[in-house]
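# Structural features, examined
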Amino acid sequence: MAAAALSLGLGGGTARDGAVEVLVRPERPLVHRGPSGEDIAFSLQLHNPSDLHYRIVRWRARWAPAGAGAEVVSLERASALQNAPRYLEGQRLVVWQGLCLTVPEGATELTLEVELAHRRRAQSLQVATTVFPERRELDVALRLPFSGVWKVTQGHDCGSAHRTAGFGGEFAWDFAALAADAQQAAVASFGAPVLAPAAGRVVMAENDMPDHDARVPRPLPPLLETLVTPQHMFGNFVVLDVGGGSYVLLGHLMEGSVQVEPGQQVEEGDTLARCGNSGYTVQPHVHVQVMDRKDPADPKVRGVPAVFRDYTEILLLERTADRSDLWLHQVSRGDPQPGALVSPR
C-alpha cells in the first residue's frame with residue numbers, strides 16, 4: 001500500500017496528501033467474473049476541504065503485483081471521466097460514479113493515483129489510495145422467477161446501467177417475456193406471475209406505486225429523495241431474506257399485485273406478485289438483484305454476484321425464410337447474458 005494511503009472505515013478507502021482526499025466506494029469492490037474475464041465497478045470521489053483551487057491533471061490506475069502482467073491504465077479514457085470536471089475548487093467534492101475496469105489475471109490490488117496542479121502556483125500535488133478487490137464464491141443460486149420463455153434485456157457487464165446505478169443492483173438482471181416484437185413483449189410481460197426465486201422470509205414490500213405506459217422512463221425525483229425512497233427506482237418491489245446474509249429484490253411489479261407482506265415465509269416458486277411497469281422503466285419487465293443488506297436505500301449496501309440454476313437457454317443457430325434452427329442448452333448453474341432466451345427447466 002502506498003505510504004499516503006489509510007482507511008477510515010467509512011464505507012470507502014481514502015488517502016490523504018495535504019488536504020485533498022481520494023475515496024473509493026465501495027471500499028472493497030466485488031469482482032465480477034464474466035465471459036471475457038474479471039472486472040470491478042466502483043465510484044471515485046475527490047474531496048478538497050481546503051480553500052485552495054486545483055486543476056486535475058491526470059488519473060491513473062496501477063495494478064499489482066507487477067508480475068501478473070498488470071499495467072498502468074489512464075482513467076481519462078474511462079467513459080465516466082470523459083465529461084468530468086477538470087478543476088477541483090476549494091470546499092468541493094467531485095464524484096465519478098460507475099467506473100468499471102478489467103482486472104488483469106493474477107492482480108490482487110489496485111492503486112488509484114491522481115495528479116493535481118495548483119491553478120496559480122508552480123506546485124503540484126499527488127494523492128493515491130490502494131483498493132483490494134474482493135473475490136466471493138457464487139454461493140447464491142436462484143430459480144428463474146417466472147414461467148415460460150423470457151429474454152434477458154439487461155445484465156451487469158461494464159456497459160450496463162446496472163453497474164452504475166447503485167442501490168445494490170451492481171449484478172442485477174432484467175427479464176421481459178418473449179414475443180415477436182417490443183409492443184407484444186410489453187403485453188406478454190405485463191401481468192405475468194412473478195415467482196419466488198428461492199425460499200425465504202419477506203423483509204420489505206411496496207405495493208402502491210402506479211404503473212405507467214409511456215415508453216420513456218418516468219423522470220426521477222431529486223437524488224436525495226431517491227436515496228431514501230427507492231420506490232422511485234424500483235417501483236413496487238419485494239425483498240426476500242434468503243439466508244447467509246443475502247437478500248433478493250424483485251422490482252417493477254404491478255400496482256396492487258403484491259401478495260406477500262413483511263414477516264411472511266415463502267417457498268421457492270410461490271407467486272409473489274405480477275410483472276408491472278412501475279418505477280424507473282421504459283417497458284414492463286422483472287428486475288432481479290441480490291444484495292448484502294435488506295434495504296436498497298442503505299448507503300452501505302452492495303450488490304452480490306449470483307447465478308441461476310436449472311434452466312434452459314434457447315439459442316438461435318440459423319434462420320432462413322422458411323425455418324429457424326434452435327438449440328436447447330440445459331444449464332445447471334449460469335449467469336444468463338443480455339439477449340439470451342431462458343426458461344426454467
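What you are looking at is a predicted structure, and each value in this text was computed from that prediction instead of being measured. (Residues numbered from 1 in each chain as written. Predicted model: local features only at pLDDT ≥ 70, side-chain atom pairs only at ≥ 80, totals over all residues. Heavy atoms only, no water.)

The next point concerns the packing of aromatic side chains. Taken as a whole, this structure holds seven aromatic pairs when the rule is applied. When the centroid spacing of 4.6 Å and the interplanar angle of 15° are considered together, the rings of Phe146 and Trp150 count as stacked. Its relative accessible area of 0% is what places Phe146 among the buried residues. In this structure Trp150 comes out as buried when scored by relative accessible area, which is 3%. Both rings, one in Phe167 and one in Phe234, keep their centres 6.2 Å apart while their planes meet at 85°; by these two values the pair is edge-to-face. Here Phe234 lies in helix 5 (residues 231–234) and Phe167 lies in the loop between helix 2 (162–165) and strand 14 (173–177), a separation of 67 residues in the sequence. Residue Phe167 is classed as buried on the basis of its relative accessible area of 10%. (Phe/Tyr/Trp six-rings, centres within 6.5 Å; stacked < 30°, edge-to-face > 60°. Buried < 20%, exposed > 50% of the residue type's maximum accessible area, 1.4 Å probe, protein only. Helix = DSSP H or I, 4+ residues; strand = E, 2+ residues; numbered from the N terminus.)

This part takes up unusual backbone geometry. Here the amide bond leading from Arg25 into Pro26 is cis, since omega sits at -5°, within 30 degrees of zero. In this structure, Pro26 sits in the loop between strand 3 (20–25) and strand 4 (32–34). With omega at 5°, the peptide bond leading from Ala64 into Pro65 counts as cis. Summarising the element assignment, Pro65 is placed in the loop between strand 6 (54–64) and strand 7 (72–74). Positive phi, close to 60°, is recorded for Gln91, a residue that is not glycine. Here Gln91 is to be found in the loop between strand 8 (87–88) and strand 9 (92–103). In the Ramachandran plot, Asp310 falls in the positive-phi region, its phi being about 55° despite a non-glycine side chain. Here Asp310 lies in strand 22 (residues 307–319).

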